[in-house]
Amino acid sequence: MSCTIIVGGNFGDEGKGKIVSHVAHQDRPTIITRGGVGPNAGHTVMVGEKKFGVRMCPSGFVYPDARLMIGTGVLVDPRVFRHEIEVLGVEGRIFLDKRCAIIEESHIQEDKTNTHLSQKVGSTGTGCGPANRDRAMRVARLARDLPELQPYLVDVPLEVNTALDNGENVVIEGTQGFGISLYFGSYPFVTSKDTCAAQMAADNGVGPTRVDEVIVVFKAFPTRVGEGPFSTEMSSEKAHEKGIQEFGTVTGRERRIGTWDGEMARYAAMVNGCTQAAITGIDHVDPSCFGATKYSQLTKTAKDFLKQAEEDIGAPVTLISTGPELTQIIDIRDEYE
């Protein structure tokens, strides 16, 4: 039995989707379930030449033998949910908790037209903030209130805990990143909820004593979409010189690029209870590491960076991404068991 939570340690866009997919293929969980805010978080998963951008479905969908779930604490946009079921071909193995709150069209319109949210905070315009407000006010509709969602409804906490009781593996996906947590991020330039590992467990009804591993994903060169402070940000010109140019999965906005922030990494690891870390984008530290699948293939420059990162994080770096494709990863978790 193993319950692993995977969360982001920067501002989102750390490459959690790829890490979740890799861990799923290696650990073979029977359930992959997600916590987090809702469809304002996008995950990009590349399998061979195919590129998937998902907002509601767990990014571990690429592992075909797991049932996919959306936890109680997650906001659901039925339109996005139904679209992804069709596009990703996950009908019959995706479920959501009957108590998930629903994002209405009115929430989306308010999110887009509210000047504080759209202009100052830099909201994604997906309706999540207004929907979470209505949930707190106890006026939001829940998934159980919509006939079209009835075939997908389950009790996620019961399903997950029963799987753990039966000795099965479960992976819980986080969304977004530590830096935009409602509580711990750079308020008010944050999302409408906490994004840490403890929140992901709570979103799925998993008590803290049932969690075995917390993998915090960090980017070698952190990125941020939208407004808010970014202490290590570099100019877009310098980022382009390094060959780094990225765009948000949901918004399409160009991501701001920064250098490694050891202080933030240390704090994020502390609050999340990090037991091991993943580093993505090591090929931007040294392009000659692109596509490496063994630690021995990394250069001294890359290894020195990883050593410093481990010191900053205070936990072993056991997963190292060397490119966007699912196979371009170094997994040394066995060395720390």
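Preceding this section is the structure that the text describes.
Presented here is a report on the structure given in the accompanying data block. Just so it is clear, the structure is predicted and the values come from calculations on it, not from any experiment.

Definitions and limits used
Residues numbered from 1 in each chain as written. Predicted model: local features only at pLDDT ≥ 70, side-chain atom pairs only at ≥ 80, totals over all residues. Heavy atoms only, no water. Phe/Tyr/Trp six-rings, centres within 6.5 Å; stacked < 30°, edge-to-face > 60°. Buried < 20%, exposed > 50% of the residue type's maximum accessible area, 1.4 Å probe, protein only. Helix = DSSP H or I, 4+ residues; strand = E, 2+ residues; numbered from the N terminus. Pairing = 2+ DSSP bridges. Contact = heavy atoms within 4.5 Å. Axes fitted to C-alpha atoms, helices over the stretch in contact; angles between N-to-C directions. Polar contact = N/O pair within 3.5 Å; in protein donor to acceptor, adjacent residues only side chain to side chain.

### A few points about the packing of aromatic side chains
Counted by the stated rule, this structure contains seven aromatic pairs. Both rings, one in tyrosine 183 and one in phenylalanine 184, keep their centres 6.3 Å apart while their planes meet at 90°; by these two values the pair is edge-to-face. Using a relative accessible area of 38% as the deciding quantity, one classes phenylalanine 184 as partly exposed. Both rings, one in tryptophan 260 and one in phenylalanine 305, keep their centres 5.5 Å apart while their planes meet at 75°; by these two values the pair is edge-to-face. With tryptophan 260 in the loop between β11 (256-257) and α9 (262-272) and phenylalanine 305 in helix α11 (residues 300-313), this residue pair connects regions lying 45 residues apart in the sequence. Exposure class is identical for tryptophan 260 and phenylalanine 305. Each is buried. Put simply, the rings of Phe178, Tyr183, Phe184 and Tyr267 pair up and form one aromatic cluster.

### Here's the deal with the sheet that holds strand β7 (residues 153-154)
Sheets are built from strands that pair by backbone hydrogen bonding, the pairs being arranged parallel or antiparallel. The mixed open sheet is built from 10 strands, whose spatial order is β7-β6-β5-β2-β8-β1-β9-β12-β13-β14. Only two strands of the sheet have a single neighbouring strand rather than two, namely β7 and β14 (329-331). When strand β1 (residues 2-8) meets strand β8 (residues 169-173), the two strands line up parallel, connected through five bridges. For threonine 4, the partnering residue across the bridge sits in β8 and is valine 171. Along the sheet, α9 makes contact with β1 and β9 (213-219), crossing β9 at roughly 160°.

### Notes on the side chain of aspartate 261
With respect to the helices and strands, the residue aspartate 261 is situated in the loop between β11 and α9. Polar contacts involving the side chain of aspartate 261 include one to the main-chain amide nitrogen of methionine 264, which spans 3.1 Å. Those residues within four positions of aspartate 261 in sequence are excluded, and the remaining contacts are Ser231 and Thr232.

### Regarding helix α5 (residues 128-136)
Among the residues making up α5, those that are buried are Cys128, Pro130, Ala131, Asn132 and Asp134. For α5, the elements touching its buried residues are α3 (105-113) and α4 (115-121).

Geometric descriptors of this kind do not, in isolation, establish any biological role.
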